[in-house]
Amino acid sequence: QLQLVESGGGLVQPGGALRLSCAASGRTLDYYAIAWFRQAPGREREGVSGIITIDGSTYYTDSVKGRFTISRDNAKNTVYLQMNSLKPEDTAIYYCAADRGLYISGRLSTTATDYEHWGQGTQVTVST
């Protein structure tokens, strides 16, 4: 059974940086599509970034392009989200998610309901 655990969230000032980690166990992430989502109070869960680790294909939502970078460490079976130049509007709970079917089909989905496996989330707060 695939398990996902996020870490790395916290409170930062605007312009600061955080590196989120999504550590997987039970299965290798090589055969899953993996995505980062975020959800702010009163807002719909939003797809932020995604990767198919077997070939490194990635996507980013427009609001984070140039600021966030998704990456992987195969040896640690972990996916990261490096978040730079953080803005107050980045404040949210950040979740990692994975799905085998999306990997098989080669789709990089930003729809939360397309993902089967989810971590518990890590809070990111960007505030003065």
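Residues numbered from 1 in each chain as written. Predicted model: local features only at pLDDT ≥ 70, side-chain atom pairs only at ≥ 80, totals over all residues. Heavy atoms only, no water.

Chemist: How would you summarise the packing of aromatic side chains if you had to cite specific residues and measurements?
Modeler: This structure, assessed with the given rule, holds 5 aromatic pairs. Residues Tyr 31 and Tyr 103 carry aromatic rings whose centres are separated by 6.0 Å and whose planes lie at 80° to one another, so their mutual orientation is edge-to-face. Note that Tyr 31 is positioned in the loop between β3 (18–25) and β4 (33–39) and Tyr 103 in helix α1 (residues 100–105), a separation of 72 residues in sequence. Here Phe 37 and Tyr 115 contribute two aromatic rings whose centre-to-centre distance is 5.4 Å and whose plane-to-plane angle is 75°, an arrangement assigned as edge-to-face. Of this pair, Phe 37 sits in strand β4 while Tyr 115 sits in the loop between α1 and β10 (117–118), and the two are 78 residues apart along the sequence. (Phe/Tyr/Trp six-rings, centres within 6.5 Å; stacked < 30°, edge-to-face > 60°. Helix = DSSP H or I, 4+ residues; strand = E, 2+ residues; numbered from the N terminus.)

Chemist: For the state of the cysteines, give the residues involved together with the corresponding values.
Modeler: Within this structure, the stated rule accounts for 1 disulfide. What pairs with Cys 22 in a disulfide is Cys 96, and their sulfur atoms sit 2.2 Å apart. One disulfide, between Cys 22 and Cys 96, carries an S-S torsion of 70° and so falls in the right-handed class. On the criterion of sequence distance, the pair formed by Cys 22 in strand β3 and Cys 96 in strand β9 (residues 92–99) is long-range, its members being 74 residues apart. Cys 22 sits in the buried class, given a relative accessible area of 0%. (Disulfide = S-S within 2.5 Å. Buried < 20%, exposed > 50% of the residue type's maximum accessible area, 1.4 Å probe, protein only.)

Chemist: Explain the sheet that holds strand β7 (residues 68–73) to me, and be specific about the residues and the numbers.
Modeler: Strand pairing within a sheet occurs via backbone hydrogen bonds; the two strands may be parallel or antiparallel. Strand order in the open sheet formed by 4 strands is β1-β3-β8-β7, and the pairing between neighbours is antiparallel. Two strands bound the open sheet, and with one partner strand each, they are β1 (3–7) and β7. With strand direction ignored, the average angle separating the axes of adjacent strands in the sheet is 15°. For β3 and strand β8 (residues 78–83), the ladder comprises 6 bridges, and the chain directions are antiparallel. Paired with Cys 22 across the two strands is Val 79, which belongs to β8. (Pairing = 2+ DSSP bridges. Axes fitted to C-alpha atoms, helices over the stretch in contact; angles between N-to-C directions.)

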